[in-house]
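Residue strings, one per chain:
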Amino acid sequence: MSSIQDFHRWPDEHGRFGAYGGSYVAETLMAPLAELTEAYRRLSQDPAFLAELDRDLKHYVGRPSPVYHAERLSQHVGGARILLKREDLNHTGAHKINNTVGQALVARHMGKRRVIAETGAGQHGVASATVAARFGMQCVVYMGAVDIERQKINVYRMKLLGAEVVPVTSGSKTLKDALNEAMRDWVTNVADTFYIIGTVAGPHPYPQMVRDFNAIVGREAREQMLAQYGRLPDAITACVGGGSNAIGLFHAFLNDAGVRIVGAEAAGEGIATGHHAASLAAGRPGVLHGNRTYVLCDDNGQITETHSVSAGLDYPGVGPEHAFLKDAGRAEYVGITDDEALEAFHLLARTEGILAALESSHAVAQAIKLAREYPKDALVLCNLSGRGDKDVHTIAAREGVQV
Amino acid sequence: MINPQSPIPNPGPPRIDRRFAALAAAGRTGLIPFVTAGDPSPEHAVALMHALVAAGADLIELGVPFSDPMADGPVIQHASERAIARGVGLGDVLGWVAQFRQRDADTPVVLMGYLNPLEMHGYARFAEAAVQAGVDGVLVVDCPLEESAVLAPLRDAGLRRILLAAPTTAPARMAQLCEAAEGFLYYVSFAGITGATRLSTADIAARVAGVRAGAKAPVAVGFGVRDAASAKAIAGFADAVVIGSALVERLAGATEADEIATRAREFLAPIRAALDAP
């Protein structure tokens, strides 16, 4: 059984999670990454920094977020009890703020006055613009031109917060291209610029640092489960694009062998159609964006274009720790199609009065599947990573409704 | 006619080393043009390589197209996108080098690219095919020294591992890179992506002097070189000058072999002349 090993000891000193992770970057980035690694190592052990972070998470983000028993949804499904970790109730409406508050604090301690970010759905961009406004930092957000079109509300939110949104027109004009462009900005302006990566990908120390800042989700949820139900859940699930909300929830439970862990990737129109973003379920080990991980690419090694109804999951790689957990057999990764996610979105809205983000709707769909597998007294915990206000136009358009 | 499957016998020290030794003996600065393989035209990729040599190239850097060239600027990214759109893959690039070798046994060829295409090809399989084709060295942009264990099969096969160094490289690390350098050390002389300019020539000169003193291989400098004047400024303190984005930009859009060769010649000839001027 995989529980023999301590999953909390990763990454190693090279930033590797088993065979995955590392620092696959050009020489120009080695020095800034070393500087960041050292700053983060120091700060992550500094009680004053951690106290500052805790204060911000409590008073600015609004933590802790509740664990809520979705009773009517559970009854409707007719299986195990479905519990929702309500990250959608955070300031700015998603888990992303946990990470951006943390990284902005690191940036401030490193004396950087300018922050940059890449964004897919716009949630991370909004969360970055938010903390930049709060700390009085200049903020530039790179966003694929396609994503700008399908996430207009978030683009406007970022502008209201004082950020400059730069459209990226190279490649597939989505998240991966925004990440390339942000990396270029960082290499060019590294002296005064801090790059706030929005997911658990990228070169070391990002996968570790972003995980650490999101791991509050699982730590809280684990305590809440013990306090509210007197035991740990039977299964936990979260959606996986880059994988930050998922690793945030999973991490505290990795050494709890009795807790089944399932990540829900975007199967788009179905994995068999090729129009999906399921890097773990359908990809292969490779190197992308500074780390070794599962990627979607062709036989020439070219990264392939992905598809998902949710911009936040539309990414051809995945955080290296997820790749490691898959190979180690500690977590399962399965695909949820666009249609399944939309069905879950509507069901949650009508049974619980909660509009989930399309990304999170993948996790809800998976929680519903899991609940059906377990008896009524079992507990399935689902990370409701973000709220769906940003997606209402996408959903209306898809369903032929004029808003 | 030489069978491309049987490489031209290549005795003695590796081609890159021989070329730099000859340059040093003649007191000349090397000229290293970079082009993206398959751009502007896959049909004329080999003709372009010969044209580069005719225009004065001492070594050719051939970019292997990659969909996500994180460390390159927009000019080279777009060249990569154009090549990929025309179906160019690593196999084509190796095929072109093999064809090039039928008529040119002396000009070293270095492939420059990213790790994922090599990984998908398989390192051992790639190494064998590259040597067979007549490739001399490989520069993997996103594979720093720390991660380079995966490239062992390439070195075992005799390919030179070209390393990058940068102005941001810390002194202890620079010493490591100088020690590990083989073929040549590629100094990217601004803290940024390819195709931009930042530091002054005087800054670069001082930094490169230190690197050259310590490196176990010649030092080539890329400095956003756009023309004869900027190339000449670097020639005074580098073993070779690398010219990438400006050349790729100049070639973009050309479709006929003659036009491609003319553009390459018109761009490189004045630079060659400036480098050779006393």
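Note that the structure is predicted; figures quoted are calculated from it, not measured.

### Side note on the overall build of chain A
Each helix and strand in chain A was counted, giving 16 helices and 14 strands. Relative to the compact-globule value of 22 Å for 403 residues, chain A shows a C-alpha radius of gyration of 19 Å, a close match. If you line up chain A on its principal axes, its C-alpha atoms span 55 × 50 × 45 Å. Considering chain A as a whole, with its 403 residues, one finds that 64% of them fall into the buried category.

### Some points on the overall build of chain B
Looking only at helices and strands, chain B features 12 helices and nine strands. What you see for chain B is a C-alpha radius of gyration of 17 Å, in line with the 19 Å of a compact globule of 278 residues. The principal-axis extents of the C-alpha atoms in chain B amount to approximately 45 × 40 × 35 Å. Burial analysis of chain B (278 residues in total) assigns 58% to the buried set. Here the analysis covers contacts within chain B between residues at least 6 apart in sequence; of these, 71% occur between residues at least 24 apart. One finds the centroid of the 23 positive side-chain charges in chain B at a distance of 5 Å from the centroid of its 29 negative side-chain charges.

### Focus on the side chain of Asp58 of chain B
Residues and elements named next belong to chain B. If you trace the backbone, Asp58 turns up in the loop between helix H2 (45–54) and strand E2 (60–63). Here the side chain of Asp58 touches Leu31 through a polar contact of 2.7 Å, landing on its backbone nitrogen. Setting aside its immediate chain neighbours within four residues, Asp58 contacts Arg19, Leu23, Arg28, Thr29, Gly30, Leu31, Thr107, Pro108 and Arg272.

### Side note on helix H8 (residues 171–180) of chain B
Turning to H8 of chain B, its buried residues are Arg173, Met174, Leu177, Cys178 and Ala180 of chain B. On its buried face, H8 of chain B sits against helix H1 (27–43) of chain A together with strand E5 (160–161), strand E6 (163–165), strand E7 (185–188) and helix H9 (201–214) of chain B.

### Concerning the sheet that holds E2 of chain B
Residues and elements named next belong to chain B. In spatial order, the strands read E5-E4-E3-E2-E1-E9-E8-E7-E6; together these nine strands make up an open sheet with parallel pairing. Each edge of the open sheet is held by one strand with a lone partner, namely E5 and E6. In the sheet, E2 pairs with strand E3 (residues 109–113) via four bridges, with the strands oriented parallel. Its bridge partner lying in E3, Glu61 is registered against Val110. Packed onto the sheet, H9 meets E7 and strand E8 (219–222) and runs at close to 155° relative to E8.

### Notes on the domain arrangement of chain A
All names here are of chain A. Per the domain assignment, the segments making up chain A are domain 1 (17–57 + 96–210) and domain 2 (63–93 + 215–398). Computed from C-alpha coordinates alone, the two centres of domain 1 and domain 2 are separated by 22 Å. If you look at the interface, domain 1 gives 38 residues, while domain 2 gives 41 residues. Where domain 1 abuts domain 2, roughly 3,100 Å² becomes buried across the two surfaces, and 59% of that area is made up of carbon and sulfur atoms. The largest contributions to the domain 1 side of the interface with domain 2 come from Tyr20, Tyr24 and Lys176, which together make up 21% of the buried area. Inspection of the domain 1/domain 2 interface yields zero salt bridges. The interface formed by domain 1 and domain 2 includes 11 residue pairs in polar contact (both at pLDDT 80 or more). Within the residue set of the side of domain 1 that touches domain 2, elements represented by two or more residues are strand E2 (20–21), helix H4 (96–109), helix H5 (123–135), helix H6 (145–150), helix H7 (152–160), helix H8 (175–188) and helix H9 (206–214). Residues belonging to the side of domain 1 that touches domain 2 are distributed by class as follows: 18 nonpolar, 15 polar and five charged.

### So, the confidence of the model for chain B
Detail in the predicted coordinates should be disregarded across regions flagged by low pLDDT. Of all residues in chain B, 92% have pLDDT values of 70 or greater, and the mean over the chain is 91. Taken together, the stretch residues 1–9 of chain B has pLDDT below 50 and engages in eight contacts with residues farther than four places along the chain or on a different chain.

### What about the packing of aromatic side chains?
All names here are of chain A. Counted according to the given criterion, the structure contains nine aromatic pairs over all chains. An aromatic cluster is defined as three or more aromatic residues linked by ring pairs; in this entry it consists of Phe7, Trp10 and Phe324. Between Arg134 and the ring centre of Tyr60, over which it is positioned, the NZ or CZ distance is 4.6 Å.

### Quick look at the interface of chain A and chain B
With 36 residues of chain A in contact, the opposing surface of chain B contributes 42 residues. Roughly 3,000 Å² is buried in total at the junction of chain A and chain B, and carbon and sulfur atoms are behind 50% of that figure. Seen at the junction of chain A and chain B, the total is four salt bridges. When the shortest N-O distance is used, the salt bridge between Glu147 of chain B and Arg16 of chain A registers 2.8 Å. Seen at the junction of chain A and chain B, the total is 19 residue pairs in polar contact (both at pLDDT 80 or more). Elements represented by at least two residues in the side of chain A that touches chain B include exactly H1, H8, strand E11 (284–288) and strand E12 (291–295) of chain A. A class-by-class count of the residues in the side of chain A that touches chain B yields 13 nonpolar, 14 polar and nine charged.

### Describing the side chain of Glu87 of chain A
All names here are of chain A. Relative to the assigned elements, Glu87 resides in the loop between strand E4 (81–86) and H4. At 2.8 Å, the side chain of Glu87 and the side chain of Asn90 are in polar contact. Ignoring any residue separated from it by four or fewer positions in sequence, one finds Glu87 in contact with Arg63, Ser65, Gly93, Ala94, His95, Asn98, Val217, Asn383, Leu384 and Ser385.

### Quick notes on the pairing of E4 of chain A
All names here are of chain A. Burial within E4 is extensive, with five of its six residues counted as buried. Bridging between strand E3 (residues 67–69) and E4 involves three bridges; their strand directions are antiparallel. Across the sheet, Tyr68 pairs through a bridge with Leu84, a residue of E4. In this structure, E4 lies alongside strand E14 (residues 379–384), joined through six bridges in parallel fashion. Looking at E14, one finds that Leu84 is bridged to Cys382.

### Things to note about the sheet that holds strand E7 (residues 164–168) of chain A
All names here are of chain A. The strand order across the open sheet formed by four strands is E7-E6-E5-E8, and the pairing between neighbours is parallel. The open sheet has two free edges, formed respectively by E7 and strand E8 (193–196), since each of these has just one partner strand. Averaged over all adjacent pairs, the angle separating strand axes in this sheet is 25°, with direction ignored. With five bridges connecting them, strand E6 (residues 138–144) and E7 associate as parallel partners. Directly across from Tyr142, in E7, lies its bridge partner Val166.

What counts, and where the lines are drawn
- Residues numbered from 1 in each chain as written.
- Chains lettered and ligands numbered in written order.
- Predicted model: local features only at pLDDT ≥ 70, side-chain atom pairs only at ≥ 80, totals over all residues.
- Heavy atoms only, no water.
- Helix = DSSP H or I, 4+ residues; strand = E, 2+ residues; numbered from the N terminus.
- Rg over C-alpha atoms; globule rule 2.2 N^0.38 Å.
- Buried < 20%, exposed > 50% of the residue type's maximum accessible area, 1.4 Å probe, protein only.
- Contact = heavy atoms within 4.5 Å.
- Lys, Arg positive; Asp, Glu negative; His and termini not counted.
- Charge placed at Lys NZ, Arg CZ, Asp CG, Glu CD.
- Polar contact = N/O pair within 3.5 Å; in protein donor to acceptor, adjacent residues only side chain to side chain.
- Pairing = 2+ DSSP bridges.
- Axes fitted to C-alpha atoms, helices over the stretch in contact; angles between N-to-C directions.
- Domains from an automatic or database assignment.
- Buried area = accessible area lost by both parts, 1.4 Å probe.
- Salt bridge = Lys/Arg side-chain N within 4 Å of Asp/Glu carboxyl O.
- Nonpolar A, V, L, I, M, F, W, Y, C, P; charged D, E, K, R; others polar.
- pLDDT = per-residue confidence, 0-100.
- Phe/Tyr/Trp six-rings, centres within 6.5 Å; stacked < 30°, edge-to-face > 60°.
- Lys NZ or Arg CZ within 6 Å of the ring centre and 35° of its normal.

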